[in-house]
Amino acid sequence: MTSSALALPRAAWRPAWVTERAPVLAVVAVLFVLWYLAAFLMNAPQVRDAFERNDIKYTLTDVIAGTMNGDRPVVPAPHQVVIELYDSIFGYPLDSRRNLAYHAWVTLSATAVGFAIGAIFGILLAILIVHLRTLEKSLLPWIICSQMVPILAIAPIIIVVFGAIGIRGLLPKSIISAYLCFFPVTIGMVKGLTSPDPIQLDLMRTWSANKLQVFWKLRWPSSIPFLFTSLKVSVTISLVGAIVAELPTGAQAGIGARLLTGSYYGQTVQIWAALVAAAVIATVLIGIIDLIAKWTAHRMGATT
Amino acid sequence: MTARWETIGFWVAAAGLLLALAFPLSSEPAPAVTARTDLLLAIVAAAAAFALASWRTAFSALFGLVGTALGCAVTILLLRDAEIAGYADWGYWLIVLATWLGAILTSTRLAALPTGDQTARWLRDLAVPLFFGAFLIYLWEVTVRGFGVSPVLMPAPSSTATRLAVSLPVLSEDFMQTFVRSVLAGYAIGCGAGFLVAIVAYRYNFLKRGLLPLGNFVSALPIVGIAPIMVMWFGFDWQSKAAVVAVMCFFPMLVNTLAGLAVAGAMERDLMRSYAARPVQTLVKLNLPAAMPFVFNALKINSTLALIGAIVAEFFGTPTHGIGFRISIEVARMSLDMVWAEIALAAVAGMAFYGIVALAERAVTSWHPSYRN
């Protein structure tokens, strides 16, 4: 094992994207191969049974073909998921219940509202905690404890309570995702708002800045990197919250409802397609926040 | 908040308590508080305690605590009257509000208590959140019962506690199913697998550079969504829940362990080389101990993730016990006190789990700078 401190720089003829991308591509390729293999191995008994029940002679090629195109496979092959995704997005009108894009939109809107509520609440809470010593002592431990509670378990209650007082649809789901996603923002922002050095705070004092000025000109700007890091974490959490909030009440629309109906009727391909859709939404949301973070950093004069 | 405002606040709280005597307790015909000597005495004593607490002395917090306790006791006792529970009026809510104000100020005084030694500070830092939490439960109780909120919407903490005490056998069965079988098994498998794969990936740089971005990507995905697939593969019993938990725990463990294994600096590794340590020895004596803070970070993250994963997975199909199963059934039956009892169980289990992991961390990584004083 050579020490990296002594190691010479790697041969320069390999461009950077090869050394960076090649391992990732290789791992992803291996995963796809494993996926196809799993699809074959786990679907084969089912396919073979079907042939034998109907007394049809079959060869290995028939079995392979069967495992790749089964109607309700145990493991759908990747291409089946892709085809299902394409069909369910472009095969129906946009407002149809059978359109995945419609369900994704329902979940996305609940996520967006919940994320906005959670982020604003989290930031306000952090500001209060940083400025009031009592709150830091008394509230912060409970905020941390609250995340040890499986909050998702409260989801059905919140939906029932809101339903009883006449609020239905988007808001209860958003409240659940807000409840889940405020935590990383609060913790990150408490860290960020307290990140200025004592020496900087002292400088503000020598300029006889009041608390508001210290906040706007020192604390808030220096907490921005922390803010975006925690926003990236909490946006996924709020998506999870919105999906899970759709489960317990047997919601009519949304990715969670899609998962639930898929599991009731054994529509495996539908479940996988919904999962891929959720993954794509999560990736896009994180990408958007990343872009905003970069733009903000640029506007604030970051050099890199 | 300056000391001046605190003093004024305590006086307002004391005045509020006395003012409450002039208002009716209930919108129904009910005997006024002045007709009950014991409660009247308690209110006056509470007001006196708040007034005494307004002086900034060493006993200020103590007086505040006494006043808060008396105020809470009076309001809880008053709820025993059928005329007050559900029909509480201004007189009643003034007592509650005044007690609330007193409690806020008391916690401020409590948090500002000067402490000399370690134990005293530790006690104070424990007492403040405990006081806060207890008062929150009190407010919940009083609000629900004072306004007569339907138990179908929001049960009072007391009825949840009663329900919890009555249905201990059911709860322990659910605990066994969800926590001991699903969570612990899945947690052990997921964390163990993540740890081992991380060590292998550390050894082979190609694998590491392939897995790390992938691990970061997957950690950001809503993994609970795989629950219906796992239920389909592994059946309704705990195996499917353990599988969900294992997948959820795998990637945080992988990413954190990889980060931890890279912590040991070039200097330390060169030292191991100069001792002619074999790669395995370097791993066991240098890299793994150095990685422990990161490993425990993952263990702590996973301890909360695991419980959520198991409960959500139970929404997709389960045998007739388990925390998630009970919650979805009892919500449908509108018996929310049982739901809250299950949530309390899950919360206590989750906190205990986290606490045990944190204690183990303290024992294993006692050398870490964050534990130095």
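Residues numbered from 1 in each chain as written. Chains lettered and ligands numbered in written order. Predicted model: local features only at pLDDT ≥ 70, side-chain atom pairs only at ≥ 80, totals over all residues.

(A) Looking closely at the overall build of chain B. In terms of helices and strands, chain B carries 14 helices and zero strands. Taking 21 Å as the expected radius of gyration for a compact globule of 373 residues, we find that chain B reaches 27 Å, considerably beyond that expectation. Going through the 373 residues of chain B one by one, you find that 46% of them count as buried. Restricting to contacts in chain B with at least 6 residues of sequence separation, those with at least 24 account for 76%. (Helix = DSSP H or I, 4+ residues; strand = E, 2+ residues; numbered from the N terminus. Rg over C-alpha atoms; globule rule 2.2 N^0.38 Å. Buried ≥ 20, exposed ≤ 12 C-beta atoms within 10 Å, placed from the backbone. Contact = placed C-beta atoms within 7 Å.)

(B) Structural view of the overall build of chain A. Within chain A, the secondary structure is distributed over twelve helices and zero strands. Across chain A, helices and strands are ordered from the amino to the carboxyl terminus as α-α-α-α-α-α-α-α-α-α-α-α. Dimensions of chain A, computed from the C-alpha atoms along their principal axes, are close to 90 × 70 × 35 Å. The burial tally for chain A puts 37% of its 304 residues in the buried class. Restricting the contact set of chain A to residue pairs at least 6 apart, pairs at least 24 apart contribute 76%.

(C) Looking closely at helix α7 (residues 168–203) of chain B. The terminal C-alpha atoms of α7 of chain B lie 49 Å apart, and with 36 residues this matches the ideal 52 Å at 1.5 Å per residue to within 8%. Maximal helix bending in α7 of chain B amounts to about 30 degrees, located at Met176 of chain B. (Expected span 1.5 Å × (residues − 1). Bend = angle between axes of the 7 residues up to and from the residue.)

(D) Structural view of the interface of chain A and chain B. Listed as interface residues are 46 residues of chain A and, on the opposing side, 50 residues of chain B. Mapped onto the side of chain A that touches chain B, the elements with two or more residues apiece are α1 (16–53), α5 (133–138), α6 (140–148), α7 (155–164), α10 (211–245), α11 (255–264) and α12 (268–299) of chain A. Ranked by residues supplied to the side of chain A that touches chain B, first place goes to α12 of chain A with seven residues.

(E) Layout of unusual backbone geometry. Look at Ser208 of chain A: it is not a glycine, yet its phi comes out positive at around 50 degrees. Within the element layout of this structure, Ser208 of chain A appears in the loop between α9 (198–206) and α10. Residue class for Ser208 of chain A comes out exposed when judged on the 7 C-beta atoms lying within 10 Å of it. The phi dihedral of Ala276 of chain B falls on the positive side, at around 60 degrees, and the residue is not glycine. Secondary-structure assignment places Ala276 of chain B in the loop between α11 (266–274) and α12 (279–314). The exposure class of Ala276 of chain B is exposed, given the 7 C-beta atoms found within 10 Å.

(F) Focus on the domain arrangement of chain A. By the assigned domains, chain A splits into domain 1 (16–70) and domain 2 (100–299). For domain 1 of chain A versus domain 2 of chain A, the separation of C-alpha centres amounts to 38 Å. (Domains from an automatic or database assignment.)

(G) Geometry of the domain arrangement of chain B. Domain annotation of chain B identifies domain 1 (3–149) and domain 2 (165–371). Each of domain 1 of chain B and domain 2 of chain B was reduced to a C-alpha centroid, and the two centroids are 42 Å apart.

(H) How the structure looks around the confidence of the model for chain A. Mean pLDDT over chain A: 81, with 90% of residues reaching 70 or higher. When mean pLDDT is taken per element in chain A, helix α4 (residues 100–131) of chain A scores highest with 91 and α7 of chain A scores lowest with 74. (pLDDT = per-residue confidence, 0-100.)

(I) The confidence of the model for chain B, seen in detail. All names here are of chain B. Predicted confidence across chain B gives a mean pLDDT of 84, with 97% of residues reaching 70 or more. Confidence, read as mean pLDDT per element, is least for helix α8 (residues 205–219) in chain B (81) and greatest for α7 (91). Here the complex is predicted with pTM 0.79, and the ipTM for its interfaces comes to 0.74.

(J) Focus on the environment of Arg72 of chain A. Residues and elements named next belong to chain A. In this structure, Arg72 sits in the loop between α2 (60–68) and α3 (78–90). Of the residues examined, Arg72 has 14 C-beta atoms within 10 Å and is grouped as partly exposed. Between the C-alpha atoms of Arg72 and Gln270, which are 198 residues apart in sequence, the distance is 9.6 Å. Residues contacting Arg72, with those up to four places away along its chain left out, are Gly266, Gln267 and Thr268.

(K) Region of interest: the nonpolar core. Residue and element names in this part refer to chain B. With 160 residues, the main nonpolar core has Val244, Val245 and Cys249 as its most contacted residues. The leading source of residues in this core is helix α10 (residues 238–261), at 16 residues. Aside from chain neighbours lying at most four places away, what touches Val244 is Gly186, Ile226, Ala227, Met230, Gly309, Ala310 and Ala313. (Core = buried A, V, L, I, M, F, W, Y, C linked by C-beta atoms within 7 Å.)

(L) Summary view of the packing of α11 of chain A against α12 of chain A. Residue and element names in this part refer to chain A. It is the contact of α11 with α12, at a shortest axis distance of 8 Å, that shows an interaxial angle of 160 degrees. On the basis of their axis angle, the class for α11 and α12 is roughly antiparallel. Judged by the twist between their axes, the crossing of α11 over α12 is left-handed. Each of Ile255, Arg258, Leu259, Gly262 and Ser263 in α11 lies in contact with α12, whose residues at this interface are Gln270, Ile271, Ala274, Ala277 and Ala278. Its residues assigned to classes, the contact of α11 with α12 comprises six nonpolar, three polar and one charged. (Axes fitted to C-alpha atoms, helices over the stretch in contact; angles between N-to-C directions. Parallel < 35°, antiparallel > 145°, perpendicular 65-115°, else oblique. Left-handed = near helix turned anticlockwise from the far one by under 90°. Nonpolar A, V, L, I, M, F, W, Y, C, P; charged D, E, K, R; others polar.)

(M) Inspection of the environment of Gly266 of chain A at higher detail. Locating Gly266 of chain A in the fold gives a position in the loop between α11 and α12. Each C-alpha atom, one on Gly266 of chain A and one on Pro73 of chain A, is 9.0 Å from the other, the two residues being 193 residues apart in sequence.

(N) Structural detail: helix α8 (residues 170–193) of chain A. All names here are of chain A. For α8, which comprises 24 residues, the first-to-last C-alpha distance of 32 Å matches the rise-based estimate of 34 Å (1.5 Å per residue) to within 8%. Bending of α8 peaks at approximately 30 degrees at the position of Cys181, with proline Pro184 no more than four residues after it. Most of α8 sits out of view: 21 of its 24 residues are buried.

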